[in-house]
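Remarks on the overall topology
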Amino acid sequence: QGKAAEASSSSKKPIIIIVIGMAGSGKTTLMHRLVAHVQESGKRGYVLNLDPAVTNLPYGANIDIRDTVKYKNVMKEYGLGPNGGILTSLNLFATKFDEVVGLVEKRAPELDYVLVDTPGQIEIFTWSASGAIITEAFASTFPTVVTYVVDTPRSTSPVTFMSNMLYACGILYKTRLPLMLAFNKTDITQHQFAVEWMEDFEKFQDAVESDKSYNANLSRSLCLVLDEFYQNLRKVGVSAISGAGMKEFFETVDACGQDY
Ligand code: GDP
Ligand code: MG
C-alpha cells in the first residue's frame, strides 16, 4: 500500500511554476497568458502574486501579497525607498509563508499548476533571504520548477545574451531546482538565434568573440561554462502577447516536473 499510495498522492500534487526574470522581461504579461491557457485547457490552476508594487494585475490572483502588505505604507513606516519597500514587504510576507503553503496544500488534490509571479526587479527575489525562504517552502512540499523569462529582442547581442545566461546559471545554482528558459516576445524576435547559440558551441563562441572589446580568454572560458550549463537546460519560445508557445511551455514544465 505504502508506495502505491505515495505515488498516487504525489502524482496528484500540482507543479509550482515560479516565474523569474529581469524587470520588463514580461513576467506579469506571461502570467496572464499562462493563467488563461490553464483555464482554456481544462486544467486547474492556482495563482499567486508576490509583487507588492504592481499597480495593474492583468490576471486574477488567488493569493495576492498586496492584500497583506501595503508597500507604500511599508516605505513610510520604515523610511525606505521603493526597492527597500518592496524588499521589506516581501520579507514581511515571507514570515507568514507557511500559511500560504498550507492553503495550497489544502487545495493540492484538485490542482494541476500553481503559478507564482515575482517582483519586477529580479534581485529582490533572487538575492534576498525571503526569496530563498519562499522558494524553499514550496520546493520542500511540491514539485517546483523555476521559469526564467528572457526578453528575447533585448538579448540578441552575444554579450548581453551571455550575461543573461550567466544570471540564469546563478539562479540554477542558488535554487538547485529544475530550471527552464522561456524566451518571451517571440512576436517581435524569434528565439531561433538563441537555440543555435545554445546548441552549437562554436557559433556562440564566434559571436561572442566578434566583440573585440572583451577579454578573449575570459570570453572563451565563459562560453565553455555556458556550454556545460546548456546541456541540461530546457528552453521554449513564447509570446505573452500573441499566446504562441503555450502548449510547448506546459510540456516543458511537465518535463521539468519529472526531473524534480
Ligand atoms: P515584468 O516586469 O517582467 O512583469 O514585465 P511586464 O509583464 O510588466 O511587461 C513589460 C513590458 O513588456 C510591457 O510593456 C508588456 O506589454 C511587454 N511584453 C510582455 N510580454 C510581451 C510579448 O510577448 N511581446 C511583446 N511584444 N511585448 C511584451
Ligand atoms: Mg511584473
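Residues numbered from 1 in each chain as written. Chains lettered and ligands numbered in written order. Predicted model: local features only at pLDDT ≥ 70, side-chain atom pairs only at ≥ 80, totals over all residues. Heavy atoms only, no water.

Looking now at the sheet that holds strand E6 (residues 179-184). The strand order across the open sheet built from seven strands is E3-E2-E4-E1-E5-E6-E7, with neighbouring strands paired in parallel fashion. Edge positions in the open sheet fall to strand E3 (63-64) and strand E7 (234-237), since each of these has one partner strand only. As paired elements, strand E5 (residues 144-151) and E6 share six bridges and run parallel to each other. Counted as the bridge partner of Asp151 is Asn184 from E6. Along the sheet, helix H9 (residues 158-175) makes contact with strand E1 (15-21), E5 and E6, crossing E5 at roughly 165°. (Pairing = 2+ DSSP bridges. Helix = DSSP H or I, 4+ residues; strand = E, 2+ residues; numbered from the N terminus. Contact = heavy atoms within 4.5 Å. Axes fitted to C-alpha atoms, helices over the stretch in contact; angles between N-to-C directions.)

Here we come to the packing of aromatic side chains. This structure, assessed with the given rule, holds 12 aromatic pairs. Here the aromatic rings of Tyr113 and Phe250 are separated by 4.9 Å at their centres, their planes lie at 55°, and the arrangement is tilted. Taken together, the residues Tyr113 in strand E4 (residues 113-117) and Phe250 in helix H13 (residues 246-259) connect sequence positions 137 residues apart. Note on Tyr113: relative accessible area 5%, which makes it buried. Looking at Phe250, the relative accessible area reads 6%, which means it is buried. Relative to Trp197, the ring of Phe161 lies with its centre 5.2 Å away and its plane at 65°, an arrangement referred to as edge-to-face. Of this pair, Phe161 sits in helix H9 while Trp197 sits in helix H10 (residues 192-199); the two residues are 36 residues apart in sequence, bridging distant segments of the chain. Like Trp197, Phe161 is buried. Aromatic ring contacts, followed pair by pair, group Phe161, Phe183, Phe193, Trp197, Phe204, Phe229 and Tyr230 into a single cluster. The ring of Trp127 has Lys174 lying over it, and the distance from NZ or CZ to the ring centre is 4.4 Å. (Phe/Tyr/Trp six-rings, centres within 6.5 Å; stacked < 30°, edge-to-face > 60°. Buried < 20%, exposed > 50% of the residue type's maximum accessible area, 1.4 Å probe, protein only. Lys NZ or Arg CZ within 6 Å of the ring centre and 35° of its normal.)

Counting 56 residues, the largest nonpolar core has Leu48, Phe97, Phe138 and Phe161 as its most contacted members. For this core, the element with the highest residue contribution is H9, accounting for six residues. If we ignore the near neighbours within four places in the chain, the residues touching Leu48 are Met31, Tyr59, Ile63, Phe97, Val100, Val114, Leu115, Val116, Asp117 and Phe138. Counting 26 residues, the second largest nonpolar core, distinct from the first, contains Val54, Val145, Phe250 and Val253. (Core = buried A, V, L, I, M, F, W, Y, C linked by side-chain atoms within 4.5 Å.)

Let's shift gears to the site of ligand 1. For ligand 1, the set of nearby residues contains 15 residues, the closest of which are Lys27, Thr28, Thr29, Asp187 and Ala240. Thr28 places a side-chain nitrogen or oxygen 3.0 Å from an oxygen atom of ligand 1. Taking Ala240, its main chain carries an N or O atom lying 2.8 Å from an oxygen atom of ligand 1. Burial of ligand 1 by the protein chains amounts to 70% of its free accessible area of 580 Å². At three residues, the largest contribution of residues to the shell around ligand 1 is made by helix H2 (residues 27-40). Residue classes in the shell around ligand 1 are distributed as five nonpolar, seven polar and three charged. (Near = heavy atom within 4 Å. Polar contact = N/O pair within 3.5 Å; in protein donor to acceptor, adjacent residues only side chain to side chain. Areas by Shrake-Rupley, 256 points an atom, 1.4 Å probe, with all protein chains shown as cover. Nonpolar A, V, L, I, M, F, W, Y, C, P; charged D, E, K, R; others polar.)

This part takes up the packing of helix H11 (residues 201-209) against helix H12 (residues 216-231). Running from amino to carboxyl end, H11 crosses H12 at an angle of 150°, the nearest separation of the two axes being 10 Å. Between H11 and H12 lies a crossing whose hand is right-handed. Contacts from Phe201, Phe204, Gln205, Val208 and Glu209 in H11 reach Ala216, Ser219, Arg220, Cys223, Leu224, Leu226, Asp227 and Tyr230 in H12. Of the residues assigned to the contact of H11 with H12, the class counts are eight nonpolar, two polar and three charged. (Left-handed = near helix turned anticlockwise from the far one by under 90°.)

So, on to the confidence of the model for the protein chain. Per-chain confidence: the protein chain averages 93 in pLDDT, with 95% of residues scoring 70 or above. Overall, residues 1-9 carries pLDDT values under 50, and its contacts beyond four positions in sequence, including any with other chains, amount to zero contacts. Reported confidence for the predicted complex is 0.99 by ipTM and 0.94 by pTM. (pLDDT = per-residue confidence, 0-100.)

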